[in-house]
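Descriptive structure summary
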Amino acid sequence: LGGPDPLDYVSMYRNLGNPALNVPEHWHYISFGLSDLYGDNRVHEFTGTDGPSGFGFELTFRLKRETGESAPPTWPAELMQGLARYVFQSENTFCSGDHVSWHSPLDNSESRIQHMLLTEDPQMQPVQTPFGVVTFLQIVGVCTEELHAAQQWNGQGILELLRTVPVAGGPWLITDMRRGETIFEIDPHLQERVDKGIETDGSNLSGVSAKCAWDDLSRPPEDDEDSRSICIGTQPRRLSGKDTEQIRETLRRGLEINSKPVLPPINAQRQNGLNHDRAPSRKDSLESESSAAIIPHELIRTRQLESVHLKFNQESGALIPLCLRGRLLHGRHFTYKSITGDTAITFVSTGVEGAFATEEHPYAAHGPWLQILLTEEFVERMLEDLEDLNSPEEFKLPKEYSWPEKKLKVSILPDAVFDNPLH
């Protein structure tokens, strides 16, 4: 299935599976165009044969073949095209273990399979092409409960559980849109493994694209004399290229268990291959730049705030307990990057190095990028106060939480507020 743009192309094959491994017959979809097809800078910048080809990956998808089905359904190709357009337009790329919140049946039916995880394709190994290296990331359809488990723990852990349940994917992680039960309903013991993993490992989700905003309550909103300030809702200043790259790396890659998790310094220079490293393990993804010293003149642009107001839509707000329990209590960080502008909010713990928020000045802004440092004691208190975020069915918007002594306010607002540029 193809169109005029290279990213529109998806090949579809009938795969007989592997009866010896209990792998059923299925349809196998493979994109082409995310990698460099031409090597002439027509679509992608040619970076050499040793670097990544284009974005460095192609997408694949395996759909269980229904009895009597003579031709592959075309909806997976359209789904893959949508994801490819997102990559081209945002320049955000995917890695194994990532998730995509879709909030709708992937085939527009009544299916419970409404979200996606990404992993290495079990049959297609990375290949060296004349225009660089290409890896193959397979889309795996999952239920909402499985997505939430991946967010609370990590995508790779849930993928391994899916491999152990034949009807939920099996060894080749084949998506069955007719699956009516989650892996936790099929095997309740799997929930115990997830709970233990969350307690031991924390969450591997280091950031999300979200509907979010923040206000500086330290000064009147009309005060715009300080060029370092930010006024959300009027003319928000743009993130610098270095800031954008740092946040993009945070969103792109999680931190595994690290004794000293780090954020790269503001002045970090992009290293060769950093933007395209697709290694399955993302443990060192933010550590590679951490040794460089922060240049003082870069810090001139960083402003310390006395009081802040954080704003999230309900879906983003529901992830705050994950951020606190699964990330900060494990000495890590978590970033919200606005999908409607340049705004970003990063929560950091005292164990994160390279942050510009400190215990003495826990709220610090670098242009439209806000960092908030929270102590373990305050995190525990926030988790108690935000407990009702875990029960979205009982949630009524707008909702406000406030910690006056910390000069911090959090509001959960309707989506429409963020769709209005004057929110």
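Rules behind the numbers
- Within each chain, residue numbers correspond to sequence positions counted from 1 in written order.
- Per-residue local features are limited, in this predicted model, to residues with pLDDT of at least 70; the limit for side-chain atom pairs, both in listing and counting, is 80 or more; totals at the level of whole chains, interfaces and linings are taken over all residues.
- Hydrogens and water molecules were not included; the side-chain quantities draw on all heavy atoms of the structure.
- UniProt positions are given in the numbering used here, feature names are shortened, and annotations may be inferred rather than shown by experiment.
- The rule for a salt bridge is simple: a side-chain nitrogen of Lys or Arg has to be within 4 Å of a carboxyl oxygen of Asp or Glu.
- Comment: elements are numbered from the N terminus, with helices defined as DSSP H or I runs of at least four residues and strands as E runs of at least two.
- The pairing test for Phe, Tyr and Trp rings, Trp by its six-membered ring, is centres within 6.5 Å, and the orientation test on the planes gives stacked under 30 degrees, edge-to-face over 60, and tilted for anything in between.
- Burial classes follow relative accessibility: with a 1.4 Å probe on protein chains only, a residue under 20% of its type's maximum area counts as buried, one over 50% as exposed, and anything between as partly exposed.
- Geometrically, a charge over a ring is one whose NZ (Lys) or CZ (Arg) sits within 6 Å of the ring centre while staying within 35 degrees of the ring normal.
- A pair of strands is labelled paired if DSSP reports no fewer than 2 bridges between them.
- A fitted line through C-alpha atoms serves as each axis, taken over the contacting stretch for helices, and the angle formed by two N-to-C directions is quoted from 0 to 180°.
- In what follows, residue pairs with any heavy atoms lying within 4.5 Å of each other are defined as contacts.
- Helix span, expected: 1.5 Å multiplied by one less than the number of residues in the helix.
- Residues grouped as a nonpolar core are buried Ala, Val, Leu, Ile, Met, Phe, Trp, Tyr and Cys residues, joined through side-chain atoms within 4.5 Å.
- In protein, a polar contact means a hydrogen-donor-capable atom and an acceptor-capable atom, both N or O and within 3.5 Å, with residues adjacent in sequence counting only if both atoms are side-chain atoms; elsewhere, any N or O pair within 3.5 Å suffices.

In the annotation of an unreviewed UniProt entry, the entry for the protein reads Suppressor of fused homolog, and the organism field reads Sagittarius serpentarius. As its UniProt record puts it under Sequence similarities (unreviewed entry), the protein is described as follows: "Belongs to the SUFU family."

By the definition in use, this model includes 17 salt bridges. A salt bridge links K211 to D415; the shortest N-O distance between them is 3.8 Å. With K211 in the loop between β8 (207-210) and β9 (212-216) and D415 in helix α11 (residues 415-419), this residue pair connects regions lying 204 residues apart in the sequence. Note that R381 is salt-bridged to E405, the shortest N-O span being 2.0 Å. Taken together, the residues R381 in helix α10 (residues 376-385) and E405 in the loop between β16 (399-403) and β17 (408-413) connect sequence positions 24 residues apart.

On inspection of all chains with the given rule, the structure shows twelve aromatic pairs. Aromatic side chains F55 and F88 sit 5.1 Å apart centroid to centroid with 80° between the ring planes, which places their arrangement in the edge-to-face category. You can see F55 sitting in strand β3 (residues 52-64) and its partner F88 sitting in helix α1 (residues 75-90), a full 33 residues away along the chain. Since its relative accessible area comes to 12%, F55 is described here as buried. For F88, a relative accessible area of 22% corresponds to the partly exposed category. Judged by centre distance (6.2 Å) and plane angle (70°), the ring pair of F57 and F94 falls under edge-to-face. Residue F57 is found in strand β3, and its partner F94 is found in the loop between α1 and β4 (99-101); the two are separated by 37 residues along the sequence. Residue F94 is classed as buried on the basis of its relative accessible area of 7%. Aromatic rings pair up to connect F312, F334, Y336 and F347 into one cluster. For the cation-ring pair, R42 lies above Y38, with the distance from its terminal atom to the ring centre recorded as 3.8 Å. One cation-aromatic arrangement involves K406 over F378; the distance from NZ or CZ to the ring centre is 5.2 Å.

Take the sheet that holds β9 next. Sheet architecture is open: four strands sit in the order β9-β11-β17-β16, paired in mixed fashion. Strand pairing shows two members of the sheet lacking a second neighbour, β9 and β16, which therefore form its edges. On average, adjacent strands in this sheet sit at an angle of 15° to one another, irrespective of strand direction. Sheet analysis places strand β11 (residues 308-313) next to β17, joined by six bridges and oriented parallel. Opposite L310, over in β17, you have V410 as the bridge partner. Against the sheet, α10 engages β16 and β17, with an angle of about 150° to β16.

One face of the sheet, then the other: side chains in a regular strand alternate in exactly this way. Counting buried positions along β17 yields five of six residues, so the element is predominantly enclosed. Where β16 and β17 come together, five bridges link them in antiparallel fashion. Bridge pairing in β17 places W403 opposite L408. The hairpin formed by β16 and β17 contains four residues between the paired strands, and K407 there has a positive phi angle of roughly 55°.

On to α1. One turn of the α-helix equals 3.6 residues, which is why residues spaced by three or four share an orientation. Spanning 16 residues, α1 covers 23 Å between terminal C-alpha atoms, matching the ideal 22 Å at 1.5 Å per step. Of the residues making up α1, those classed as buried are W75, P76, A77, L79, M80, Q81, L83, A84 and V87. In this structure, the buried residues of α1 make contact with β1 (9-15), β2 (26-32), β3, β4, β5 (115-120) and β7 (132-142). Count one or two residues on from α1 and you reach E91, which has phi positive near 65°.

It is worth spelling out the nonpolar core at this point. Side chains of nonpolar character tend, in soluble globular proteins, to be buried together. Of all hydrophobic cores here, the largest spans 36 residues; its most connected members are L310, F312, L324, Y336 and F347. Apart from the residues within four sequence positions on either side, F312 is in contact with K211, C212, G317, I320, Y336, I345, F347, V410, S411, I412, L413 and F418. By size, the runner-up hydrophobic cluster in this structure holds 26 residues, among which are V10, L34, A77 and L83.

In this section: helix α9 (residues 320-327). Burial within α9 is extensive, with seven of its eight residues counted as buried. Listed as buried for α9 are I320, P321, L322, C323, L324, G326 and R327.

Turning our attention to the side chain of S349. Here S349 shows up in the loop between β13 (344-348) and β14 (363-366). A distance of 3.4 Å separates a polar side-chain atom of S349 from the backbone oxygen of G331. Reaching out from S349, the side chain makes a polar contact with the backbone oxygen of R332 at a distance of 3.3 Å. In contact with S349, other than residues within four places in its own chain, are L328, G331, R332, L373 and L374.

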